[in-house]
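The primary structure of each chain is shown beneath.
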Amino acid sequence: MKIALVNHGCAKNLVDSELMLGLLDSKGHQITLDETDADIVIVNTCSFIHDAEKESVDSILQLIDEGKKVIVAGCLSQKYNNELKEAIPEISGMIGATNIKDIVKIIDNLSKQSYSNMVEETPQYVYAEDVQRKQITVGASSYIKIADGCNYECGYCVIPKLRGKYVSRPIENIVKEAKELASKGVAEIVLIAQDTSSYGIDLYGKQALAKLLQELNKIDELSWIRIMYAYPTTMTDEIIDAIADLEKVVKYIDIPLQHSHPRILKEMKRPVMDYKELVKKFRQKIPGVTVRTSLIVGYPTETEEEFEHLYNFVKEVKFDRMGAFEYSREKGTYSDSLKPQISAKIKKERRNKLMELQQQISLKNNKKYIGQILDCIVEGFSDDGQIILRSEHDAPEIDGYVYATSQNPVVPGDIEKVTITDADEYDLFGVIK
C-alpha cells in the first residue's frame with residue numbers, strides 16, 4: 001500500500017512529518033508525495049489556534065471522503081484524543097505530537113485491518129535521531145529542530161500541554177544532520193524550537209546555543225545559519241556576540257515579543273521588561289541586524305489605551321519585520337477564562353491598524369537597500385522568468401523576496417550578489433551582477 005502525508009502547521013511539524021516518512025521508508029514502506037495516488041494518508045495536524053484546527057479537520061474529512069485510510073498525527077490528536085475518534089469514527093489510526101516513532105506500528109497494524117491509538121497521555125518529545133529525514137520540500141533552505149517542548153506557561157498557548165517539557169538534542173547529532181543536509185546541496189539551515197535561545201539548558205545544565213552555532217559555523221558547505229523563535233529573557237550577551245561574530249550566522253533575530261504593555265504582558269504570563277532597550281542592544285551589538293517580532297492584538301482585557309501603547313511601541317522601535325495576530329481563544333489556557341474577551345470586530349480593527357503602520361515602516365526600511373549590493377540565495381524562478389531570491393534579512397516562507405534579472409544562468413541554492421534597484425512594502429527588486 002502506498003503512503004502519503006499531508007502536513008499542516010509550523011516548520012517544527014514539517015520536520016516531524018519528514019521524520020515519519022523517513023521511518024516508514026527505512027522499514028520498506030512505499031512512499032508517495034501525491035496523496036491522490038496513496039492508499040493511506042497521514043495528516044500531521046496543527047492545533048495552535050482555532051483556524052488551524054479547522055483546516056486540519058477539513059483535510060481529514062476530505063481524504064476520508066475520497067476513500068483514503070487516514071491516520072491523524074500531531075497536535076490535534078494530542079489535544080482531542082477521544083473526542084476526535086468519536087466525531088470522525090472513520091479515522092484509521094491516531095498518534096500524538098511527541099511519539100512519532102510509533103507511526104511504524106500504526107501502519108503495520110493497519111495492514112492487519114486493526115485500528116491503533118498511540119496518543120501518549122503525558123507527552124514527552126523524543127527525536128528520532130537514527131532516522132534519515134525524507135524531505136517533502138527540497139530547496140536552498142532546510143529546517144533543523146534543535147529542541148522541542150516548552151517550559152513556559154504563556155497565558156494563550158496550549159503547546160506545553162501538547163508537546164511536554166523542553167527537550168534539547170545533543171550538539172553532535174545536530175551537527176551531523178546539518179552536514180548531511182549540506183552534502184545534499186542545502187545552503188541555509190534554519191534552527192527551530194519552541195524557544196531556541198534556551199537550547200541546551202536541560203542537557204548541559206547551561207545555555208549552549210552559542211556553542212552550537214560555533215560548531216555549525218565550521219561546516220564548509222553551508223552558506224547561512226539562521227535562528228528562529230528566540231525568547232526575550234534568554235537572549236544572552238553570549239548568544240548576541242555569537243550572531244555578531246560568526247560569519248555564517250545571518251544577522252537576523254526572530255524574537256516574538258507578543259505585546260509591549262506591562263499589564264498585558266503580565267496577563268499573558270510573559271516577561272515584563274523593557275523591550276525597547278533589548279532591541280536597541282541587538283542593533284548596537286550586531287551591525288546591520290534585522291529584527292523580526294510577532295505581536296498579539298485583542299488579548300482579553302486589552303483596553304484601547306493598552307493597544308495604543310503597543311501601536312506607539314511599534315512606531316518607535318520600527319521593527320524590520322513584524323507579524324500581528326488576532327488573539328485566538330483556546331480551551332485549557334489561562335486566557336480562556338479572562339474577562340472581558342475582546343470582540344472579533346475590535347480585534348480585526350486593531351490588527352489592521354497595526355499592520356498598516358508596519359507597512360509604512362517596512363517600505364521605508366526596504367527603500368534604504370536601493371543602490372546597495374546584497375548577498376541573496378537563489379530560491380527559484382517565477383512564471384515570467386524572473387529569478388526569485390531571498391536576502392539574509394528575510395526568513396524562508398514568512399518574509400519577503402528579491403526579484404532579479406541576470407544575463408547569466410543561476411542555480412537554486414547559490415548565493416548571488418544583487419544590486420537593488422527598487423523596493424515595495426515587502427519585496428526588493430534588482431539585477432544580479
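These notes cover the structure that comes with them. (Residues numbered from 1 in each chain as written. Predicted model: local features only at pLDDT ≥ 70, side-chain atom pairs only at ≥ 80, totals over all residues. Heavy atoms only, no water.)

1. Side note on helix H13 (residues 304-317)
For clarity, the cut-off: For the purposes of this entry, the term helix denotes a DSSP run of H or I that reaches at least four residues, the term strand denotes a run of E that reaches at least two, and both are numbered from the N terminus. Working rule for helices: expected span equals 1.5 Å times residues minus one. Relative accessible area decides the class of each residue, using a 1.4 Å probe on protein chains only: under 20% of the type maximum gives buried, over 50% gives exposed, and in between gives partly exposed. Taken from the helix axis, the directions to the C-beta atoms give the arc we talk about. Should any heavy atoms of two residues lie within 4.5 Å, those residues are considered in contact.
Over its 14 residues, H13 runs 20 Å from end to end, which matches the ideal 20 Å to within 8%, given 1.5 Å per residue. Those residues of H13 not exposed but buried are Glu306, Phe307, Leu310, Tyr311, Phe313, Val314 and Val317. Along H13, the residues classed as buried sweep out an arc of 155 degrees about the axis, all on the same side. Looking at H13, the residues exposed on the side facing more than 90 degrees away from the buried face are Glu305 and Glu316. Considering only its buried residues, H13 is in contact with helix H11 (262-267), helix H12 (275-285), strand S13 (290-297), strand S14 (321-326) and helix H14 (344-367).

2. Observations concerning the packing of helix H1 (residues 11-26) against helix H5 (residues 103-111)
Stated precisely, the cut-off is as follows: Inter-axis angles, ranging from 0 to 180 degrees, are taken between N-to-C directions of lines fitted to C-alpha atoms, where helices are fitted over the stretch in contact. Every angle not falling under 35 degrees, over 145, or within 65 to 115 is termed oblique; those three ranges are roughly parallel, roughly antiparallel and roughly perpendicular. Crossing handedness is read from the near helix: turned anticlockwise from the far helix by less than a right angle, it gives a left-handed crossing, and turned clockwise, a right-handed one.
Contact pair H1 / H5: the axes reach a minimum separation of 9 Å and the direction vectors enclose 55 degrees. If you check the angle between H1 and H5, you find them oblique. Viewed along their axes, H1 and H5 form a crossing whose handedness is right-handed. Together, Met20, Leu23 and Leu24 of H1 and Ile103, Val104 and Ile107 of H5 make up the contact between the two elements.

3. Some details on the nonpolar core
Put simply, the rule is: Only buried residues count toward a nonpolar core, which is a set of Ala, Val, Leu, Ile, Met, Phe, Trp, Tyr and Cys residues joined through side-chain atoms within 4.5 Å.
Ile189, Leu191, Leu212, Leu216 and Leu354 are the most contacted members of the largest nonpolar core, which totals 59 residues. Counting 38 residues, the second largest nonpolar core, distinct from the first, contains Ala73, Leu110, Tyr127 and Tyr143.

4. Remarks on unusual backbone geometry
Here the residue pair lysine 339 and proline 340 is connected by a cis peptide bond, since its omega of 0 degrees sits within 30 degrees of zero. The backbone of tyrosine 229 shows a phi angle near 60 degrees, a positive value even though the residue is not glycine. Tyrosine 229 sits in the partly exposed class, given a relative accessible area of 23%.

5. Some details on the pairing of strand S7 (residues 141-145)
Across the five residues of S7, five count as buried, placing the element largely inside the fold. Side-chain alternation along S7 places Ser141, Tyr143 and Lys145 on one buried face and Ser142 and Ile144 on a second face that is also buried.

6. Here's the deal with the sheet that holds S14
Sheets are built from strands paired through backbone hydrogen bonds, the pairs being either parallel or antiparallel. Put simply, the rule reads: When DSSP locates at least two bridges between a pair of strands, those strands are taken to pair.
What the three strands build is an open sheet, ordered S12-S13-S14; its pairing is parallel. Every interior strand has two partners, whereas the edge strands, strand S12 (252-254) and S14, have only one. Each adjacent strand pair in this sheet contributes to an overall mean axis angle of 15 degrees, direction not counted. Where S12 meets S13, three bridges bridge the pair, whose relative direction is parallel. The residue of S13 that forms the bridge with tyrosine 252 is threonine 290. Sheet strands touched by H13: S13 and S14. Its angle to S13, the strand with the most contacts, is close to 170 degrees.

7. Re the packing of aromatic side chains
Our working rule: Each Phe, Tyr or Trp ring (for Trp, its six-membered ring) is paired with any other whose centre lies within 6.5 Å, and the angle between the two planes then decides the class: stacked below 30 degrees, edge-to-face above 60, tilted in between. Sitting over a ring, as applied to charges here, requires NZ of Lys or CZ of Arg to be within 6 Å of the ring centre and within 35 degrees of the ring normal.
A full pass over the atoms with the stated rule returns eight aromatic pairs. Here the aromatic rings of tyrosine 125 and tyrosine 127 are separated by 6.5 Å at their centres, their planes lie at 55 degrees, and the arrangement is tilted. Tyrosine 127 carries the same exposure label as tyrosine 125, and that label is buried. Ring centres of tyrosine 299 and tyrosine 327 lie 5.4 Å apart, and the angle between their planes is 80 degrees; on these two criteria the pair is classed as edge-to-face. Highlighted residues: tyrosine 299 in the loop between S13 and H13 and tyrosine 327 in the loop between S14 and H14, separated in sequence by 28 residues. Classification of tyrosine 327 as buried rests on a relative accessible area of 4%. Among the aromatic residues, those joined into a cluster by ring pairs are Tyr156, Tyr299 and Tyr327. Cation over ring: lysine 269 sits above tyrosine 334, and NZ or CZ is 4.2 Å from the ring centre.

8. Remarks on the pattern of salt bridges
Applied cut-off: Between Lys or Arg on one side and Asp or Glu on the other, a salt bridge is scored when a side-chain nitrogen of the former is within 4 Å of a carboxyl oxygen of the latter.
Applying the stated criterion across every chain yields a total of 35 salt bridges. Between lysine 417 and aspartate 375 there is a salt bridge; the shortest N-O distance is 2.8 Å. Of this pair, lysine 417 sits in strand S18 (residues 415-423) while aspartate 375 sits in strand S15 (residues 373-381), placing them 42 residues apart in sequence.

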